[in-house]
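# Coordinate inspection notes
Each chain is listed here by its residues.
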Amino acid sequence: MTTDFLVVDELSKSFGGVKALDRVGFSVAQGEVLGIIGLNGSGKTTLVNVITGFIRPDSGHVWLRGKEITGLAPEKIAGLGIARTFQTVRPFHHLPAFKNLIVPLYSSRIRSAAGGGRWGDRDAVALDLLEEVGFERDSSVPYKPAAALPHGYLRRLELARCLALRPEVIITDELFSGLSSSEVSSLMPLMEKLRERGITLVMVEHRLRELFRLARRVIVMEQGRKIAEGPPQAIVADNAVRETYLGAEL
Amino acid sequence: MLRSIFIYGLINSIILALTAVGFSLTYGISRVANFAYGALYVLAGFAAWVLLHRLALNYYLALFLAVVFVALVGAALYRFALIRVRGMPISEIIVTFALGTALVELLRFFGLFGSAYGLPPLRRATLQLLGVPVDFQRVALVVIGAVLILALWLFTHYTKIGLAFRAIAQDEQAAMMVGIDPDHMATLSLALGSALAAVAAVVVLPLGYIAAESGSNILVFAIAVCILGGLESPAGVIVASLLIGYAQILSVAYFGPHYQMIVALLAILVTLVFRPSGLFGKQKELEERV
Amino acid sequence: MAKRRERIDRPIRVLTEDIYALESLSRMIYVAAPSVFPVLFLLLLPLFTPSLYMQRVLILTAVYALLALSWDFIAVATGLVSLGQALFFGVGAYLAAILNLHFGLPPMVTLLVSTFAGAAIATALVAPCLPLRGVYFAMTTLVYPLLLARTIEATAVLGGTDGLVGIASFPNVWVERYLVLAFVLGATFALRRLLRTDFGLVMRSISDNDQAVRASAINITVYKLVAIYLASALGCFAGAYFTHLYMFVGLSAFSLDLSILPIACAVVGGMGTLVGPVIGAFVLVPLAEMVRDLGTLRVVFYSLLLVALVLFKPEGLMSFLERKYRQIERWVQV
């Protein structure tokens, strides 16, 4: 287990004078689950966007396996095996759920992995993937238009879209938000399964209880800076963190 | 030569700023790109002409009523049409563009082309500025343009409606929570933007004649200034107007009159390709554009 | 007694979408009719339009159908609104004229070259604007035809405001008539087929949510370029064809009419359906021609119609027809 699988170094980004990211750095080992917490507006989503190439940082670097990926286009970074979910789920709503997965399956990453050319039956692969994330295979759900799916399924669909890329890293942006407790707890086994499979997970999350069950290490952000880092127990015990963030909840 | 380029460049820049400021304002507040903007400009000129020559009203009254009329048309454009397709950019573009085209072609059908229609200037006189002869209307126009832009700045920074405008431009959700009705604001923003187009029309048109063709030219000029300056940036409008204004006058002086439009069109393309946020655009806009 | 209208899918639809129940002739006809009859109709139409005027209207309709199809394809495949279909038309039109006048190529060759090379030129022009969204893309496409027209006007190249004359015409009227109709049919079916492939599915997804497509390791610029290239090829063909038809090309090849009427056709027929815009052209263009005597008033007429449709009936003719054909409607008592 190498600790420098995904390395983020001194990332900074400001929007019109407001520092969304202020020299944030951390590293993730392969197969690790890293949690990132912080209040709204603390720069978590910006961090995700910078790592995945959707926003160019003002300064700083991101490395994957020792190769610099800073400033690459999002599709390039996804092609290197870093998949991500979005905070607001917007599926390809005119398509049936399983057809949503054709998009990542059609990427050159997957097509070349399968030996190029016309490869297998994408629809079948898509249905398998949906089953993996908890769509009932023999029901009509995978065939429903994505626009008609309930929120819980849309989150699963997001994960399936990531999995379709056969990713090495999945970065989730508030995956559990907007879900009921029972929906969250039904997602937990899936997340644990991904961890077992050795996929590196970086989870930006508000639901601390569930996050702390998954992540061995947590980063706390405040106003664009990393203010604490450590195992969940240490984070909970950290006075500065309690003051700014956890206060009422624990 | 140099002095006249300086003077006429300044005048041209102010004309551009005047014609663009309404488009920029409407977009900045309500995110509606009003492709009927040029048509409203022509309509204002025509309305003023009717009031002056057919109804024989007092000069200032006629101009004032023309501006009010066009403001109402702008408000109606939102209330009766745009409100139904709010948030659907394709439909917003089609509706404003098609309505603008319909309006211009309707006026053209009623004979509004060529040099038959003109508005009289405020006063027929010629002044000497730095030894360059300049007619009174152009001087008045510079003063009116400067005053108007200053007034707009004061309005958006110090009056209640103006502040509400800025609030809604920055964060629609938050503005709604403090009781600002976005539809109401959008109606006002279209009315105000249209009124500004009308003011530009009644002070600029006496320099030439009222023609339906100028509708698309005005729209292109307004877009050029707004894109180069960065949409919804007041400072951007002024700087972009100066840049394009002088570039146009130089091109006219050294190449020929046709190049005025080409300069504006190139300004749009070059800006969008090389710096999509414009000179003064903010990051938020950039994300929207790119 | 309250009544409501009930809509039920016709039984054949329930069987399956892909494997049709072909056990009876009537069902086969039912399945095949929507594609076979319009094709037959279009192919027979030139035989039953005797007057030269009618032929010209038919050809004009086909030309606008191509532009409308091209507009709709851009909208479906990239989610962008083009206000400058005249750009594609104009590039094709001038290119054909140059190839014919300066290089002496025969019409059929210029048509081929103008379509493919013209599309490459138009795509290269539009390419820098592809990262732009919505309003900004619309603004740039509005600018292009104007810019080209004004440049020709100012520099007096390519005949300036007089245009270019003396361009060769088609070898005979049958080639002239059937060429454009065949192209309309071929393009419509080919693009529809393309959108149903996985490649086309990715294209359609870009207009839904381009961020998610990029996060799926797909370079959306490539897809947009392909979409613009195909769309501009249709427009360039229309322009080149028109040049040879009238043996003339002028600044009117960049006129606003060519940009706005196709949008109207697409809206009338149903945006996003590809076939809809073609149907829309066959409804709207003859109507617009009938009122040609009204001069510019006909532009007013179809602009207002366009606004009314966008505001009140955005679904378009196509989905209306489809519903009538596929579903049984009846009034039931509640």
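Right, let's walk through the structure included here. (Residues numbered from 1 in each chain as written. Chains lettered and ligands numbered in written order. Predicted model: local features only at pLDDT ≥ 70, side-chain atom pairs only at ≥ 80, totals over all residues. Heavy atoms only, no water.)

## Description of the interface of chain C and chain B
Our working rule: Residues count as neighbours in contact if any of their non-hydrogen atoms are within 4.5 Å of one another. Buried area is calculated as the accessible area (1.4 Å probe) missing from two parts once they are joined, with the contributions of both summed. Salt bridges are defined by distance alone: a side-chain nitrogen of Lys or Arg within 4 Å of a carboxyl oxygen of Asp or Glu.
Across the boundary between the two partners, chain C contributes 40 residues, which contact 43 residues of chain B. When chain C packs against chain B, close to 3,800 Å² is buried across both sides, 83% of that on carbon and sulfur atoms. When residues of chain C are sorted by the area they lose upon contact with chain B, C:Tyr136, C:Met139 and C:Leu311 head the list and together hold 17% of the total. Our count for the chain C to chain B interface comes out at zero salt bridges.

## Comments concerning the packing of aromatic side chains
We apply this condition: Within 6.5 Å between ring centres, the rings of Phe, Tyr and Trp (the latter by its six-membered ring) count as paired, and their orientation is classed by plane angle as stacked under 30 degrees, edge-to-face over 60, tilted in between. Per the convention used, a helix needs a DSSP run of H or I reaching at least four residues, while a strand needs a run of E reaching at least two, with both numbered from the N terminus. For every residue, the accessible area (1.4 Å probe, protein chains only) is compared with the maximum for its type, and the residue is labelled buried under 20%, exposed over 50%, or partly exposed between those bounds.
According to the stated counting rule, one finds 19 aromatic pairs over all chains in the structure shown. For the ring pair B:Phe35 and B:Phe97, a centre distance of 6.2 Å and an interplane angle of 90° mean the geometry is edge-to-face. Pair noted here: B:Phe35 is in the loop between helix H1 (2-30) and helix H2 (37-54) and B:Phe97 is in helix H4 (residues 89-109), with a separation of 62 residues, a long-range link. The residues B:Phe35 and B:Phe97 share a single accessibility class, namely buried. When the centroid spacing of 3.7 Å and the interplanar angle of 10° are considered together, the rings of C:Phe183 and C:Phe237 count as stacked. Linking C:Phe183 in helix H7 (residues 173-196) with C:Phe237 in helix H10 (residues 220-246), this pair joins segments that are 54 residues apart in sequence. Here the aromatic residues C:Phe170, C:Phe183, C:Phe237 and C:Tyr241 are joined through ring pairs into a cluster of three or more.

## Observations regarding the nonpolar core
What counts here: Each nonpolar core is a collection of buried residues, namely Ala, Val, Leu, Ile, Met, Phe, Trp, Tyr and Cys, held together in the definition by side-chain atoms within 4.5 Å.
Of all hydrophobic cores here, the largest spans 198 residues; its most connected members are B:Phe23, B:Phe35, B:Ile223, C:Phe73, C:Leu83, C:Tyr241 and C:Leu306. With 52 residues, the next largest nonpolar core counts A:Val33, A:Leu165, A:Ala215 and A:Ile235 among its residues.

## Remarks on the interface of chain A and chain C
To be explicit about the condition: Pairing of N or O atoms within 3.5 Å defines a polar contact, subject to two protein rules: one partner must be a possible hydrogen donor and the other a possible acceptor, and residues neighboring in sequence count only if both atoms are side-chain atoms.
Contacts between chain A and chain C engage 24 residues on the former and 18 residues on the latter. In total, chain A and chain C occlude about 2,000 Å² of area from one another, counting both sides; carbon and sulfur atoms represent 60% of this. Counting across the interface, chain A meets chain C through two salt bridges. One can count five residue pairs in polar contact (both at pLDDT 80 or more) joining chain A with chain C. At the level of elements, helix H2 (74-79) and helix H3 (102-105) of chain A are the ones that each hand at least two residues to the side of chain A that touches chain C. In terms of residue count, H2(A) provides more of the side of chain A that touches chain C than any other element does, four residues in total.

## Regarding the sheet that holds strand E1 (residues 6-15) of chain A
Remark on secondary structure: sheet strands pair via backbone hydrogen bonds, oriented parallel or antiparallel. Note the following rule: Strand pairing is assigned whenever DSSP detects at least two bridges linking the two strands.
Taken in spatial order, the four strands line up as E2-E1-E4-E5 (chain A) in an open sheet, and their pairing is antiparallel. The sheet terminates laterally at strand E2 (18-28) and strand E5 (67-68) of chain A, the two strands that pair on one side only.

## Focus: the packing of helix H12 (residues 275-290) of chain C against helix H14 (residues 316-326) of chain C
Residue and element names in this part refer to chain C. Under the convention used in this document: Orientation is described by axes fitted as lines to C-alpha atoms, over the contacting stretch for helices, and by angles from 0 to 180 degrees between their N-to-C directions. In this scheme, roughly parallel covers angles under 35 degrees and roughly antiparallel covers those over 145, while 65 to 115 is roughly perpendicular and the rest are oblique. All amino acids are sorted into three groups, where Ala, Val, Leu, Ile, Met, Phe, Trp, Tyr, Cys and Pro are nonpolar, Asp, Glu, Lys and Arg are charged, and the leftover types, Gly among them, are polar.
With their axes 7 Å apart at the nearest point, H12 and H14 run at an angle of 105° to one another. Judged on the interaxial angle alone, H14 and H12 are roughly perpendicular. Residue-level contacts link Val275, Gly276, Ile279 and Val283 of H12 to Leu317, Met318 and Leu321 of H14. When its residues are assigned to classes, the contact of H12 with H14 shows six nonpolar, one polar and no charged.

## Considerations on unusual backbone geometry
Residue A:Glu10 is not a glycine yet carries a positive backbone phi of 50°. Position of A:Glu10 among the secondary structure elements: in strand E1. Residue classification places A:Glu10 among the partly exposed residues on the basis of a relative accessible area of 41%. The backbone of B:Arg31 shows a phi angle near 60°, a positive value even though the residue is not glycine. Within the fold, B:Arg31 resides in the loop between H1 and H2.

## Considering the pairing of strand E1 (residues 126-129) of chain B
All names here are of chain B. Both E1 and strand E2 (residues 132-135) contribute to a ladder of four bridges, which runs antiparallel. Within E2, the position partnered with threonine 126 by the bridge is aspartate 135. Linking E1 back to E2 in an antiparallel pair, the connection comprises two residues, with leucine 130 at a positive phi of about 50°.

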